[in-house]
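Topology and contacts: notes
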Amino acid sequence: QVQLVESGGGLVQPGGSLRLSCAASGSIFSINDMGWYRQAPGKERELVAAITRRGSTNYADSVRGRFTIARDNAKNTVYLQMNSLKPEDTAVYYCNLNIITTAAMLGRYYWGQGTLVTVSS
């Protein structure tokens, strides 16, 4: 069994910052890719940022230069530092991790429960 717990969402004014965290626990052998997605009301879920196990990153054009994804392999945790937030960043943010469990020894994707980020004055 694997559990993902997200934290760090909330209400912030335009131009402000937030840091999201997603911690995985359970019968984990290793974690491959980690990513953050978001879904705004009435829109499809979209990739925000991703990071490989070796630390290579990828960002959506809309957040490049403002958001930073990072991971701590020892803690099985991925972070998303969000700076210069804009109202259009308002969405539910989900982490998505490719986890190899000790039981299956095969990677599969797990989703976090989602955390709401609201950017408004």
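1. Here's the deal with the overall build of the chain
- A count of helical and extended segments in the chain gives zero helices and eleven strands.
- Ordered by position in the sequence, the α and β elements of the chain form the string β-β-β-β-β-β-β-β-β-β-β.
- Going through the 121 residues of the chain one by one, you find that 42% of them count as buried.
- In the chain, of all internal contacts separated by at least 6 residues, the share reaching a separation of at least 24 is 55%.
- About 6,400 Å² of surface is accessible on the chain, with carbon and sulfur atoms providing 48% of the total.
- Across the chain, the 12 positively charged side chains and the 8 negatively charged ones have centroids separated by 6 Å.

2. Considering the environment of R38
- Residue placement: R38 occurs in strand β4 (residues 28-39).
- With 47 residues separating them along the chain, R38 and L85 place their C-alpha atoms 14 Å apart.
- For R38, the side chain forms a polar contact with the side chain of D89, separated by 3.0 Å.

3. Describing the pairing of strand β10 (residues 107-111)
- Here strand β9 (residues 91-101) runs beside β10; their pairing, made up of five bridges, is antiparallel. Paired with I100 across the bridge in β10 is G107.
- Counting the residues in the hairpin turn of β9 and β10 gives five residues, including M105, whose phi is positive at 55°.

4. Some details on the environment of I28
- Its location among the elements puts I28 in strand β4.
- Taking C-alpha positions, I28 is 8.7 Å from A103, a pair spaced 75 residues apart along the chain.
- When neighbours within four sequence positions are excluded, I28 is seen to be in contact with V2, N76, I99, I100, T101 and T102.

What counts, and at which threshold
- Residues numbered from 1 in each chain as written.
- Predicted model: local features only at pLDDT ≥ 70, side-chain atom pairs only at ≥ 80, totals over all residues.
- Heavy atoms only, no water.
- Helix = DSSP H or I, 4+ residues; strand = E, 2+ residues; numbered from the N terminus.
- Buried < 20%, exposed > 50% of the residue type's maximum accessible area, 1.4 Å probe, protein only.
- Contact = heavy atoms within 4.5 Å.
- Areas by Shrake-Rupley, 256 points an atom, 1.4 Å probe, with all protein chains shown as cover.
- Lys, Arg positive; Asp, Glu negative; His and termini not counted.
- Charge placed at Lys NZ, Arg CZ, Asp CG, Glu CD.
- Polar contact = N/O pair within 3.5 Å; in protein donor to acceptor, adjacent residues only side chain to side chain.
- Pairing = 2+ DSSP bridges.

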